[in-house]
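# Structure assessment
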Amino acid sequence: MISRRGLFVAAAGAGATAVLASCGRLSGEQTTAAAAPAEGPIFFGVSAPLSGSSAEYGKIWRTGFDLALDEINGAGGVKGRKVELLWEDTQSDQKQSVPVAQKFAGDSRVLAELGDFASPASMAASPVYEKAHLVQFGFTNSHPDFTKGGEYMWSTSTTQQDHAPELAELANSLGKKHAVYYINTDWGKTTWKLYEEHAKKAGFQIVHSEAVQADGADFRPSLIKGRDAGADVLVFIAYYQAAALLTQQAKNVGLTQTKIALPSSAYSPQYLALGGEATEGAQVIVRFHPGDPRPEVRDFVKKYQDRYGKQPDDFGAGAYDALKILAWAVGQSDGTREGVRKALAEGKDIPSLLYGPFAFREDRRVKVPPSTRLVVKGGAFTLVGA
């Protein structure tokens, strides 16, 4: 019997193969593009949602990337070579991420790729990048299987295996009767499954759970079920749009005293803007927050605020960090795709805004990624207890 994951991987591989055949590139025994130019700009491909329902995240990525580019190129580039990005819009759809991967894989100028935003879109494209020996740096890809796609898949994102138990612990610190709502996507269902597994082992009480549509407009019937089950903490495994709407509508159905726990996916100024006063008191687990006292974070936050007039969030900081890490890897390498992969694998103190000096584990994830709890207070995310 083929497992569900096996079916997914098989489907992703079949999709990639079909696109490869249709594009007529990297076919047969050809596995890599021509050697990268030794002179001129260094290019990284960006596979990102610039339109569609996740376009806001693409915009946030651009803020972090642009700031990093200015710093890198303002300091003379990498070994005297300017860094440039090649953007492609995928809407974070796996049907579009595969042909974009094919385009980057066949372009010898591209030394590494950043993205895609959603794990399924990245995982569908992974076979193309693996075959082309091109690093796929999925810095927002929390799906535990993403880096299992091959030795060219790398991520600075915490995995759902890391994050879901932390979220369950956060929720249980706020209330003892959990009502969990998760968006009906691969990411949402996987996170919920890991949450449930941890809750059962820990003896936490889940009084209601339900899948909801990420683009839903009326969640009140679902929230009423949680209310009637006696929930004293609500968990919204969702991105900021749905999380904000769920937060607002929870108050509308009488869940005014119920605590709210959120994953890092909801950590965005847009959650506060869309959810308004209803977000007060909600807590979220993050890997980055602008109140971090480390000098490099203070410097980044000041530059970000001066340029964009607002504080950076997890996604802006993550994009900035990812590009700086790839630029560092090129600087440590011989200027080839394989050299970039080798630099990431052998780096012992890789500079990082998010984590400080770090190394990757054998599974190409960050060793011991720290996390922080924030609470919405006075219309802003602040450290719990501050």
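Scroll up to find the structure this text is about.
Described in the following lines is the structure provided in the data block. Remember, it's a predicted structure, so these values are computed and weren't measured experimentally.

Right, let's get into helix α3 (residues 94–105). Taking 1.5 Å per residue as the helical rise, α3 with its 12 residues ought to reach 16 Å, and the 16 Å between its terminal C-alpha atoms agrees with that figure. All of the buried residues in α3 are Ser 97, Val 98, Val 100, Ala 101, Gln 102, Phe 104 and Ala 105. For α3, the N-terminal capping position is held by Asp 93, with its side-chain oxygen 2.8 Å away from the main-chain nitrogen of Lys 95.

Time to look at the packing of α3 against helix α4 (residues 119–131). Axis separation between α3 and α4 bottoms out at 8 Å; the angle between their running directions is 30°. Seen from above, α3 lies across α4 with right-handed handedness. Contacts from Gln 94, Ser 97, Val 98, Val 100, Ala 101, Gln 102, Phe 104 and Ala 105 of α3 reach α4 at Pro 120, Ala 121, Ala 124, Ala 125, Val 128 and Tyr 129. Within the contact of α3 with α4, the residues separate by chemical class into 11 nonpolar, three polar and no charged.

With that out of the way, let us pick up the packing of helix α5 (residues 160–174) against helix α6 (residues 186–202). Relative to each other, α5 and α6 sit at 60°, their axes nearing to 8 Å. Viewed along their axes, α5 and α6 adopt a mutual orientation that is oblique. In this structure, α5 crosses over α6, and the sense of that crossing is right-handed. Contacts between α5 and α6 involve Gln 160, Gln 161, Ala 164, Pro 165, Leu 167, Ala 168, Glu 169 and Ala 171 on the former and, on the latter, Trp 187, Thr 190, Thr 191, Leu 194, Tyr 195 and His 198. A class-by-class count of the residues in the contact of α5 with α6 yields eight nonpolar, five polar and one charged.

Here the focus is the pairing of strand β9 (residues 259–262). Both strand β8 (residues 233–237) and β9 contribute to a ladder of three bridges, which runs parallel. From the neighbouring strand, Val 235 faces β9, where its bridge partner is Ala 261. Remark: the β8/helix α8 (residues 240–252)/β9 crossover connection has right-handed handedness. As paired strands, β9 and strand β10 (residues 283–286) are joined by two bridges and run parallel to one another. Paired with Leu 262 across the bridge in β10 is Val 284. Traced from β9 through helix α9 (residues 269–275) to β10, the parallel crossover comes out right-handed.

The next thing to look at is the packing of aromatic side chains. A complete count under the given rule lists 25 aromatic pairs for this structure. Three or more aromatic residues joined by ring pairs form one cluster here, namely Tyr 57, Trp 61, Phe 65, Trp 87, Phe 117, Phe 139, Trp 187, Tyr 239, Tyr 240 and Phe 315. Across the ring face of Trp 87, the terminal group of Arg 62 is positioned such that the distance to the ring centre comes to 4.1 Å. Positioned over the ring face of Tyr 152 is Arg 341, at 5.8 Å from the centre of the ring.

Now for the nonpolar core. In terms of nonpolar packing, the biggest core is built from 115 residues, with Phe 44, Trp 61, Phe 65, Leu 114, Phe 137, Tyr 195 and Tyr 271 touching the most fellow members. The element contributing the most residues to this core is helix α11 (residues 314–332), with 11 residues. In contact with Phe 44, other than residues within four places in its own chain, are Val 83, Glu 84, Leu 85, Leu 86, Val 110, Leu 111, Ala 112, Leu 114, Leu 323, Leu 326, Ala 327 and Val 330.

This next bit is on the sheet that holds strand β4 (residues 135–137). What links the strands of a sheet is backbone hydrogen bonding, and the strands pair in either a parallel or an antiparallel sense. An order of β2-β1-β3-β4-β5 is seen for the five strands of this open sheet, with the pairing classed as parallel. Edge strands, defined here as strands with exactly one partner in the open sheet, are β2 (83–89) and β5 (153–154). Packing of helix α2 (residues 55–74) onto the sheet brings it into contact with β1 (42–48), β2 and β3 (110–115), and relative to β2 it is tilted by some 165°. Strands in contact with α4 are β1, β3, β4 and β5; relative to β4, the strand with the most contacts, it is inclined by about 160°.

To continue, consider the pattern of salt bridges. Summed over the entire model, instances satisfying the criterion amount to 17 salt bridges. A salt bridge links Lys 303 to Glu 71; its shortest N-O distance comes to 3.3 Å. With Lys 303 in helix α10 (residues 295–308) and Glu 71 in helix α2, the pair connects residues that are 232 residues apart, well separated along the chain. A relative accessible area of 19% places Glu 71 in the buried class. Measuring nitrogen to oxygen at the nearest pair gives 2.8 Å for the salt bridge that ties Asp 306 to Lys 302. Taken together, the residues Asp 306 and Lys 302, both in helix α10 and four residues apart, mark about one turn of the helix. For Asp 306, a relative accessible area of 56% puts it in the exposed group. Through salt bridges with shared partners, a single ionic network connects Glu 71, Asp 299, Lys 303 and Lys 324.

Here we take up the sheet that holds strand β11 (residues 372–377). Read from one edge to the other, the open sheet built from seven strands follows the order β7-β6-β8-β9-β10-β11-β12, with strand pairing classed as mixed. The sheet is open, and its two borders are formed by β7 (205–212) and β12 (380–383), each paired with just one other strand. The mean inter-strand angle of the sheet, taken between neighbouring strand axes irrespective of direction, is 25°. When β11 meets β12, the two strands line up antiparallel, connected through four bridges. What sits directly across from Val 375, in β12, is Thr 382. Seen against the sheet, α6 touches β6 (177–183), β7 and β8 and runs at an angle of roughly 160° to β6. On top of the sheet, α8 reaches β6, β8 and β9; it is set at about 155° to β8, its chief contact.

Basis of the calculations
Residue indices follow the written sequence of each chain, beginning from 1 at its first position. Reporting in this predicted model follows two pLDDT cut-offs: at least 70 for local features of residues, and 80 or more for side-chain atom pairs to be given and counted; totals over whole chains, interfaces and linings ignore these cut-offs and use all residues. Where side-chain values are given, they derive from all heavy atoms of the structure, hydrogens and water being excluded. The way it works is that DSSP assigns letters per residue, a run of H or I at least four long becomes a helix, a run of E at least two long becomes a strand, and they are numbered from the N terminus. Given the number of residues in a helix, its expected span is that number minus one, multiplied by 1.5 Å. A simple rule labels every residue: compare its accessible area, found with a 1.4 Å probe on the protein chains alone, to the largest value its type can have, and call it buried under 20%, exposed over 50%, or partly exposed in between. Polar contact is the term for a pair of N or O atoms within 3.5 Å; when the atoms are in protein, one must be able to donate a hydrogen and the other to accept it, and sequence-neighboring residues count only if both atoms are side-chain atoms. Interaxial angles span 0 to 180 degrees and are taken between N-to-C directions of axes, which are lines fitted to C-alpha atoms, for helices over the stretch in contact. We call a crossing left-handed when the near helix sits turned anticlockwise from the far one by less than a right angle, and right-handed when that turn is clockwise. Contacts: residue pairs with any heavy atoms within 4.5 Å of one another. Residue type decides the class: Asp, Glu, Lys and Arg count as charged, Ala, Val, Leu, Ile, Met, Phe, Trp, Tyr, Cys and Pro as nonpolar, and the leftover types, Gly among them, as polar. Angles below 35 degrees are treated as roughly parallel, those above 145 as roughly antiparallel, those between 65 and 115 as roughly perpendicular, and all remaining angles as oblique. Here, a strand pair is defined by DSSP locating no fewer than two bridges between the strands. Whether a crossover is right-handed depends on one test, that the path from the first strand over the helix to the second runs clockwise when the strands point away from the viewer. Stacked, tilted and edge-to-face are the three classes applied to pairs of Phe, Tyr and Trp rings, where Trp contributes its six-membered ring and a pair requires centres within 6.5 Å; stacked means planes under 30 degrees apart, edge-to-face means over 60, and tilted covers the rest. Two limits define a charge over a ring: the Lys NZ or Arg CZ must be within 6 Å of the ring centre, and within 35 degrees of the ring normal. As used in this record, nonpolar core signifies buried Ala, Val, Leu, Ile, Met, Phe, Trp, Tyr and Cys residues forming a set joined through side-chain atoms within 4.5 Å. Salt bridges are counted wherever a side-chain nitrogen of Lys or Arg sits within 4 Å of a carboxyl oxygen of Asp or Glu.

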